[in-house]
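Here are the chains, one letter per residue:
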Amino acid sequence: MIECNLFPHDKIRPIQDELIDNVKKAVKNGLNLVAHAPTGLGKTAASISPALEYARENNKTIFFLTSRHTQHKIAIDTLKEIKRKHDLDLLATDIIGKKHMCVVPGINLLHPSEFSEFCKSQREEGNCAFYSMTKKSGKATVYAKKVLGELKKMGTPSVEEIIETSKKNNLCAYEVAVMLSQNSDVIIADYNYIFNRNIREGFLTKIEKLPEDLIIIVDEAHNLPNRVKDMATHRISNILMKRALKEASKYQNEEIADQLIHIENTIRKMSEDLNRENKEKKVSKEDFIIEIEKEYEYDELIASLEFFSSKVLEEEKKSSISSIVTFLEAWRGPDHGFLRMIELKDGLREPLINLSYKCLDPSVITSEIINQSHSTILMSGTLKPINMYSELLGVSQPIEKEFQSPFPEDNRINLIIPKTTTKFQQRSEAQYKNIAQECVKVTDNVPGNSIIFFPSYALLDQIKKYFVELNQKTIFTEIRNMDGETKQELLDNFKKYEKEGSVLLAVVSGSFGEGIDLPGDLLKCVVIVGLPLSTPDLETKTLIDYFDKKFSKGWEYGYTAPAINKVMQNAGRCIRSEKDRGIVVYLDERYAWSNYNKYLPNDKNTLVTQFYEEKIKQFFLK
Ligand code: SF4
């Protein structure tokens, strides 16, 4: 029986003990662990408890990182329980992005890059009253220390409690959280705090820690590669240039306006040979810099725009010019692992021209800190193939472990129905109608709610036309760019159909694809229509080529696996607890092909079948 002295619950469950054992091994030996650990295993407690025991004995600090703010709660609740059960003098800090903690009214209108400039200028000019109340000459004020003492007494305050307490006392919540972090055993934060180099270096300096002092636990680590790539990707467009020009003319600064016009002309010149047939091309670092330097010295141009935008931000909360500065600085970055491209897209009033510096290889960002840390634990319910994640994130000599699902196998059946396809060459009205028919045959036999996931909004619309004609149940439909409130409202209404049964039509990578919990009888069936493969555009082709050269696995790492990972996230919505029963339908002939089938569950309850209606009925009769 495995021992875990700081475990928050009375019993350690089977399989959970294996994860605890592996976390112990990793932290004890200073190694990294990459773990495929399915939902229901109790990952948070199984990772934090053994890591905390080691960290307290060896003067290490745990960073528990999540991809969404909503996931902080389970970590804080686990720590509260550890503190209570073991009567521990434990301190944890829950921190989110500075902008989201800022108590200055109206701050949510700003873009993150504009916000950091705004905050910097407010502090430097002594214009932020909250900051002045919190710090004087870089040190905590007596008043802030008193409030900090109150938060320390709480031991494990949530970020909401930190913000509320700071607001009540007119303090900067972010600075309060940073000061609290200095003595914390555990810091619960977003990925940015560790995987954005600038943020990490600034934060670690402030809390006086080195990378080797850290045990990093990354929750939902399947999100990390794309999240990191997005962080390191930068673009400017002709539309952004227009907004920037308006800003310059508002302040009647002709010199800045001339500089912006030159940048815009450069982008237009670089895109001259693009058209409807030939919409994108690679460009080089020099293509852009040489053209810019025909009029201005590149570094001086950045300095001039930066100076101007910092003045704008003293007056206003927004500056498009500051976003241009961020891009120009990023453009000086390395070529290895990145793609520089220019593309022409349809715009509302005029064609959109994007000049982008895109990160292709997340390991150029993640590898250094993962391997410098004392130990990094990467875990997720969908981290397969495990070795792919180790390679993509550049983890040296990892312990790689796949844990079994703790849920009874017989609570779920997986049906692969190879009767239709969304393959581009075979798309037609007849195909859409067939897909709609198969969907109805499935959902009609489900005594409860179903979600059907489509690869795109366009396909959802095409197939929905036929689906509404054939289907008898109430239909809910996801729409593009749903805000949090609308999404919640839709989910609340959907839940009301638990007995009667309704169908939610959604998109694989949309609002409902991951991160929603519909336990018990709230969701009985998930249908995944087609495969959400990327468009074979310049970026995808370059990615395939890049991973082919690096790992000889271009198609798998650059094309197949990312699509399958999204599919597995969707499938995971169906069974959220030990008692849930449900079916997952993979509706496309390609799911029966070995190159895709090898990623799907491989057990006695996974069937490739054309005749499934009776099976669904029988399953729900049990
Ligand atoms: S110093 Fe704090 S309160 Fe002031 S703008 Fe920055 S984050 Fe907001």
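Residues numbered from 1 in each chain as written. Predicted model: local features only at pLDDT ≥ 70, side-chain atom pairs only at ≥ 80, totals over all residues. Heavy atoms only, no water.

(A) Looking closely at the pattern of salt bridges. All chains considered together, the criterion is met by 31 salt bridges. Linking Arg-197 and Glu-368 is a salt bridge whose minimum nitrogen-to-oxygen distance equals 2.7 Å. A residue pair is termed long-range when its members are at least 10 positions apart, and Arg-197 in helix H11 (residues 197–206) and Glu-368 in helix H18 (residues 363–372) qualify at 171 residues. Accessibility expressed as a relative area gives 42% for Arg-197, which makes it partly exposed. With a relative accessible area of 33%, Glu-368 lands in the partly exposed category. (Salt bridge = Lys/Arg side-chain N within 4 Å of Asp/Glu carboxyl O. Helix = DSSP H or I, 4+ residues; strand = E, 2+ residues; numbered from the N terminus. Buried < 20%, exposed > 50% of the residue type's maximum accessible area, 1.4 Å probe, protein only.)

(B) Quick look at H11. Here H11 has its buried residues at Arg-200, Phe-203 and Leu-204. All buried residues of H11 fall inside an arc of 95° around its axis, so they share one side. Of the residues in H11, the exposed ones pointing more than 90 degrees away from the buried face are Asn-198 and Thr-205. Looking at the buried positions of H11, the neighbouring elements they touch are strand E2 (61–66), helix H9 (173–181), strand E6 (186–190), helix H10 (192–195), strand E7 (214–218) and H18. The opening residue of H11 is Asn-196, an N-cap whose side-chain oxygen sits 3.1 Å from the backbone nitrogen of Asn-198. Residue Glu-208 follows H11 closely and has a positive phi angle near 55°. (Arc of directions from axis to C-beta. Contact = heavy atoms within 4.5 Å. Polar contact = N/O pair within 3.5 Å; in protein donor to acceptor, adjacent residues only side chain to side chain.)

(C) Main features of the packing of helix H5 (residues 112–124) against helix H16 (residues 298–315). Between H5 and H16, the least distance of the axes is 9 Å, while the angle of their chain directions is 75°. Taken as axis vectors, H5 and H16 run roughly perpendicular relative to one another. For the pair H5 and H16, contact is made by Glu-114, Glu-117, Phe-118, Ser-121 and Gln-122 and by Glu-306, Ser-310, Leu-313 and Glu-314, respectively. Classifying every residue of the contact of H5 with H16 gives two nonpolar, three polar and four charged. (Axes fitted to C-alpha atoms, helices over the stretch in contact; angles between N-to-C directions. Parallel < 35°, antiparallel > 145°, perpendicular 65-115°, else oblique. Nonpolar A, V, L, I, M, F, W, Y, C, P; charged D, E, K, R; others polar.)

(D) The arrangement of the sheet that holds strand E8 (residues 234–237) in detail. Pairing in this open sheet of four strands is antiparallel, and the strands run E8-E11-E10-E9 from one edge to the other. Each edge of the sheet is formed by a strand with only one pairing partner; in this case those strands are E8 and strand E9 (280–282). Neighbour to neighbour, the strand axes of the sheet diverge by 15° on average, direction disregarded. Pairing analysis gives three bridges linking E9 to strand E10 (residues 338–345), with the strands arranged antiparallel. Residue pairing for E10: Glu-280 is matched across the bridge by Glu-343. (Pairing = 2+ DSSP bridges.)

(E) Seen up close, the domain arrangement of the protein chain. For the protein chain, the assigned domains are domain 1 (24–230 + 363–402), domain 2 (234–359) and domain 3 (409–621). Taken over C-alpha atoms, the centre of domain 2 sits 39 Å from the centre of domain 3. With both sides pooled, the region where domain 2 packs onto domain 3 buries about 570 Å², and carbon together with sulfur makes up 64% of that total. It is Glu-280, Lys-282 and Leu-339 in domain 2 that bury the most area against domain 3; as a group they hold 55% of the surface buried on that side. If you look at where domain 2 meets domain 3, you find one salt bridge. Two residues, Glu-539 and Lys-358, come together in a salt bridge whose shortest N-O distance is 2.9 Å. In this structure, the connection of domain 2 to domain 3 is made through three residue pairs in polar contact (both at pLDDT 80 or more). The dominant element in the side of domain 2 that touches domain 3, judged by the number of residues it contributes, is E9, at three residues. Looking at the side of domain 2 that touches domain 3, its residues break down into two nonpolar, two polar and four charged. (Domains from an automatic or database assignment. Buried area = accessible area lost by both parts, 1.4 Å probe.)

(F) Inspection of the pairing of strand E16 (residues 474–477) at higher detail. Where E16 meets strand E17 (residues 502–507), four bridges bridge the pair, whose relative direction is parallel. What sits directly across from Phe-476, in E17, is Leu-504. On the question of chirality, the crossover connecting E16 to the parallel E17 by way of helix H22 (residues 484–495) is right-handed. (Right-handed = clockwise from strand over helix to strand, strands pointing away.)

(G) Representation of the nonpolar core within the structure. Counting 91 residues, the largest nonpolar core has Ile-95, Met-101, Phe-195 and Tyr-586 as the members making the most contacts within it. No other element matches the seven residues that H9 contributes to this core. Taken domain by domain, this core gets at least three of its residues from each of domain 1 (24–230 + 363–402) and domain 3 (409–621). Ranked by size, the runner-up nonpolar core spans 39 residues in total, among them Ile-76, Val-186, Ile-217 and Met-379. (Core = buried A, V, L, I, M, F, W, Y, C linked by side-chain atoms within 4.5 Å.)

(H) Inspection of the sheet that holds strand E20 (residues 606–608) at higher detail. Across the sheet, which stays open at both edges, the seven strands sit in the order E16-E17-E15-E18-E19-E14-E20 with parallel pairing between neighbours. Both edges of this open sheet fall to E16 and E20, since each of them pairs with a single strand only. Shown here is a sheet whose adjacent strand axes are inclined to one another by a mean of 15°, direction ignored. Strand direction decides the pairing type here: strand E15 (residues 450–454) and strand E18 (residues 525–529), joined by four bridges, are parallel. Of the residues in E18, the one forming a bridge with Ser-450 is Cys-525.

(I) Representation of the site of the ligand. By nearness alone, every residue bordering the ligand is listed as Lys-98, Cys-102, Val-104, Phe-115, Cys-119, Arg-123, Cys-128, Phe-130, Tyr-131 and Cys-172. For the shell around the ligand, the secondary-structure elements that each account for two or more residues are H5 and helix H6 (129–134). It is H5 that provides the largest number of residues to the shell around the ligand, a total of three residues. Per-class residue counts for the shell around the ligand are eight nonpolar, no polar and two charged. (Near = heavy atom within 4 Å.)

(J) Region of interest: the packing of aromatic side chains. Applying the stated rule across the entire model yields 19 aromatic pairs. Aromatic pair Phe-288 and Trp-331: ring centres 5.4 Å apart, planes at 70°, arrangement edge-to-face. Of this pair, Phe-288 sits in helix H15 (residues 285–292) while Trp-331 sits in helix H17 (residues 320–331), and the two are 43 residues apart along the sequence. Note on accessibility: Phe-288 and Trp-331 belong to one class, buried. Ring centres of Tyr-546 and Phe-547 lie 5.5 Å apart, and the angle between their planes is 75°; on these two criteria the pair is classed as edge-to-face. Each of the two residues, Tyr-546 as well as Phe-547, counts as buried. Ring pairs connect the aromatic residues Phe-288, Tyr-298, Phe-327, Trp-331, Phe-338 and Tyr-357, which therefore count as one cluster. (Phe/Tyr/Trp six-rings, centres within 6.5 Å; stacked < 30°, edge-to-face > 60°.)

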